[in-house]
Structure formats: C-alpha cells, structure tokens
Amino acid sequence: MSSTILDVLADCIAQSKPKRILVGFSGGADSSVLLHALVQLKLSQPIIALHIHHGLSANANDWQALCQAQCKALGVTFIAERATVDTDSGSLEQAARLARYDVFQKYVLAGDALLLGHHQDDQIETFMMRLMRGSGMTGLTAMESERAMGHGKLLRPLLAVNREQIDAYAAHYQ
C-alpha cells in the first residue's frame, strides 16, 4: 500500500532530478500524503511546502495554521502566500486555480519541480467534467503528468495512484 506511493515518488524524483522539490500543500489528504511520503524517502533535495491562502473560506486561517504545524512536525520548510482571486475571470474554482498557479510560478526556479497531489480519481473526475461541459477532443485530454512550470517543471506523480491507496496511506500513518 504505502510502498506503491513511495515507489512512484522515488521513480518520479529519480527521473526528474530536481534541484528543489516544492509541494503544492493545501493540507488535504492528497497533498498531506504526498508531502509525508516525500519526507519518508529521505531525499537529498530540499522539500518546500507551498500553501496558498485564497481567503475564500472562514476556515482559511485555520487551514494555514494546520499546514504550518504539519510542516514543522515533518521538518519541512513552509511558505504561505495569500493569493488574490479575480472572480471576474470565470468560475470561482477556475479563478482560484489561476491565482494558485500564479503564486506557484513565482517560487519555481530553474531546475525545480513543483509536485501536486492530483491522483487517478482526480483524472477521471476532470475528464467527466470536461465531457459534460461539451469540451472538444483537445479539452478532453487527460491532466498531464509533467509540464513546464515557470523555469522548472510541474509534476503530478500520483496520477497512477487511486483515492483508496491515498486514504489507506493516510490511515496507516495517521
């Protein structure tokens, strides 16, 4: 169970050889498992958790404090930044995503890898949402496991891992 996640991450890091590893860290199960598993690998690269405070929820300050506490317990550098969400640019979800990526690009330097916790079930959900919206063939493509991000790369190493495996890892490590 956890060996699958650890193996997938170890392979991803070995192939991409980043100078630094940045993790988009919301504090949810997906990004928490991703961050925890990376720490378990005892990598030579520094790991930095990037938390984006959208200010959209009354709980946003509490989430940030929880993320900061998790990073302290794991010995991971924690960066939190408030993002400005432009709600005039479409749906709130899309506007929040654009704001996140703007912040991510600011921190991704040459040779860095930004890892996100998207997994297999997210991939299926994204496809179904795009299908229901009537997207064409280009719009129905899957999330990329790797693409350029700023001066580095954006990686989604958990796309081959399903929600059940993430939940099992989270339960195992509490």
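Here goes a summary of the coordinates provided. (Residues numbered from 1 in each chain as written. Predicted model: local features only at pLDDT ≥ 70, side-chain atom pairs only at ≥ 80, totals over all residues. Heavy atoms only, no water.)

## Quick look at the sheet that holds strand β4 (residues 113-115)
Hydrogen bonds between backbone groups are what pair the strands of a sheet, and the pairing can be parallel or antiparallel. Spatially, the six strands line up as an open sheet ordered β3-β2-β1-β4-β6-β5, and their pairing is mixed. If you trace the sheet from one side to the other, it starts and ends with β3 (77-82) and β5 (146-149), each paired once. Neighbouring strand axes in the sheet, compared pairwise and without regard to direction, differ in orientation by 30° on average. Pairing of strand β1 (residues 21-24) with β4, which is carried by three bridges, proceeds in the parallel orientation. Residue pairing for β4: Val-23 is matched across the bridge by Leu-115. Contacts between helix α3 (residues 60-74) and the sheet are confined to β2 (47-53) and β3, with β2 contributing the most and set at about 175° to the helix. Helix-sheet contacts for helix α4 (residues 92-107) involve β1, β2, β3, β4, β5 and β6 (152-155), and the interaxial angle to β2 is about 150°. (Pairing = 2+ DSSP bridges. Helix = DSSP H or I, 4+ residues; strand = E, 2+ residues; numbered from the N terminus. Axes fitted to C-alpha atoms, helices over the stretch in contact; angles between N-to-C directions. Contact = heavy atoms within 4.5 Å.)

## Examining the packing of aromatic side chains
Applying the stated criterion across every chain yields a total of two aromatic pairs. Aromatic pair Tyr-101 and Phe-104: ring centres 5.7 Å apart, planes at 75°, arrangement edge-to-face. Of this pair, Tyr-101 and Phe-104 both sit in helix α4, three residues apart, roughly one helical turn. On the basis of relative accessible area, Tyr-101 is assigned to the buried category, the value being 13%. Plain terms: the ring middles of Tyr-169 and Tyr-173 are 4.5 Å apart, the flat faces sit at 40° to each other, and that makes the pair tilted. You can see Tyr-169 and its partner Tyr-173 sitting in helix α6 (residues 163-173), four residues apart, about one turn around the helix. (Phe/Tyr/Trp six-rings, centres within 6.5 Å; stacked < 30°, edge-to-face > 60°. Buried < 20%, exposed > 50% of the residue type's maximum accessible area, 1.4 Å probe, protein only.)

## Some details on the environment of Ala-170
With respect to the helices, strands and loops of the structure, Ala-170 is situated in helix α6. Once the C-alpha coordinates of Ala-170 and His-36 are considered, the two residues, 134 residues apart in sequence, prove to be 9.1 Å apart.

## Concerning unusual backbone geometry
Positive phi, close to 45°, is recorded for Lys-17, a residue that is not glycine. In this structure, Gln-174 is a non-glycine residue whose phi angle is positive, near 55°. The residue Gln-174 is located in the segment after α6 in this model.

## Concerning the environment of Val-161
One can find Val-161 in the loop between β6 and α6. Looking at Val-161, the relative accessible area reads 0%, which means it is buried. Distance in space between the C-alpha atoms of Val-161 and Thr-4 is 8.0 Å, their sequence separation being 157 residues.

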